[in-house]
Amino acid sequence: QEIVVETAIRLVEENDLEALTMRRLASELGTAVTSIYWHVGNRDTLVDLMVDKLLADMHDVTVGGRTPRARITSLCRQWRERLWDHPHLIALAHERNKTLAMFQPMQAALARELHAVGLRGKDAAVAIRGLQLHVVSSVVIERTAQRGPTTDATDPTAWPAITDDPDLIAALSAQVDYRAAFDITLDALLDRFLD
């Protein structure tokens, strides 16, 4: 069963959910379609198993760093990477109404780190939600930019009113470094919550 689920996840992640047919999965595994049904049941059951695997993986949280701030930063970066790496599985989890269950392990890990610095109750909840929104929105914004009609840099001629700051115009005309922007705003959030 595990190899079937892993192969199905790979098919979906490399393509999208439409690529997941029992016939294609059987072909990938070099077996008969009936064998797939015997091992995992129907397609709907297979999707549930895939979401369960994602949820189990989300529980495998690794905290890195010596200070609470470094540990929280590592958690947020890890969370962002997992969301970035598994867009189709995340969408499946959302469709199956498992979004809260998917986010809970990371929320719990953040709560432990916030408790270590004395942030509790409503203040800890606000911090966790703020960090979660930052992580999720950064992934959504970057994905949206990727899927947009163009990812070209800003046209520098669109800045006639700011001709006295060519460095600003040049910087804003360059491609956006989404990960650097994520880190900068994460630092600002942590300044707010931890200081």
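Treat the numbers as computed from the prediction; the structure is a model and nothing was measured.

The rules behind these values
Residues numbered from 1 in each chain as written. Predicted model: local features only at pLDDT ≥ 70, side-chain atom pairs only at ≥ 80, totals over all residues. Heavy atoms only, no water. Axes fitted to C-alpha atoms, helices over the stretch in contact; angles between N-to-C directions. Helix = DSSP H or I, 4+ residues; strand = E, 2+ residues; numbered from the N terminus. Left-handed = near helix turned anticlockwise from the far one by under 90°. Contact = heavy atoms within 4.5 Å. Phe/Tyr/Trp six-rings, centres within 6.5 Å; stacked < 30°, edge-to-face > 60°. Buried < 20%, exposed > 50% of the residue type's maximum accessible area, 1.4 Å probe, protein only. Lys NZ or Arg CZ within 6 Å of the ring centre and 35° of its normal.

Novice: Just checking my understanding: could you explain the packing of helix α5 (residues 68-85) against helix α8 (residues 121-147) for this structure?
Specialist: Axis angle and axis distance: for two packed helices, these are the angle between their axes and the distance between the axes, and together they describe the pair. The contact between α5 and α8 brings their axes to 10 Å, and the two run at 35°. Here α5 and α8 pass one another in a crossing that is right-handed. Listed contacts from α8 to Ile72, Cys76, Trp79, Arg80, Leu83, Trp84 and Asp85 of α5 are Leu131, Gln132, Val135, Val136, Ser138, Val139, Glu142, Arg143 and Gln146.

Novice: Just checking my understanding: could you explain the environment of Met50 for this structure?
Specialist: Structurally, Met50 can be placed in helix α4 (residues 43-58). When the C-alpha atoms of Met50 and Glu6 are compared, they prove to be 7.8 Å apart, with 44 residues separating the residues in sequence. Once residues within four sequence positions are removed from consideration, Met50 is found in contact with Val5, Ala8, Ile9, Val12, Leu20, Leu89 and Leu92.

Novice: Before we go on, may I ask you to explain the packing of aromatic side chains in this structure?
Specialist: The geometry of an aromatic ring pair comes down to the distance between the two centres and the angle between the two planes. Summed over the entire model, instances satisfying the criterion amount to one aromatic pair. Where Trp79 meets Phe103, the ring centres are 5.4 Å apart and the plane angle is 75°; that geometry is what we call edge-to-face. With a gap of 24 residues between them, Trp79 in helix α5 and Phe103 in helix α7 (residues 99-116) connect regions that are remote in the sequence. Each member of the pair Trp79 and Phe103 is classed as buried. The ring of Trp84 carries the charged tip of Arg143 above its face, separated from the ring centre by 3.7 Å.

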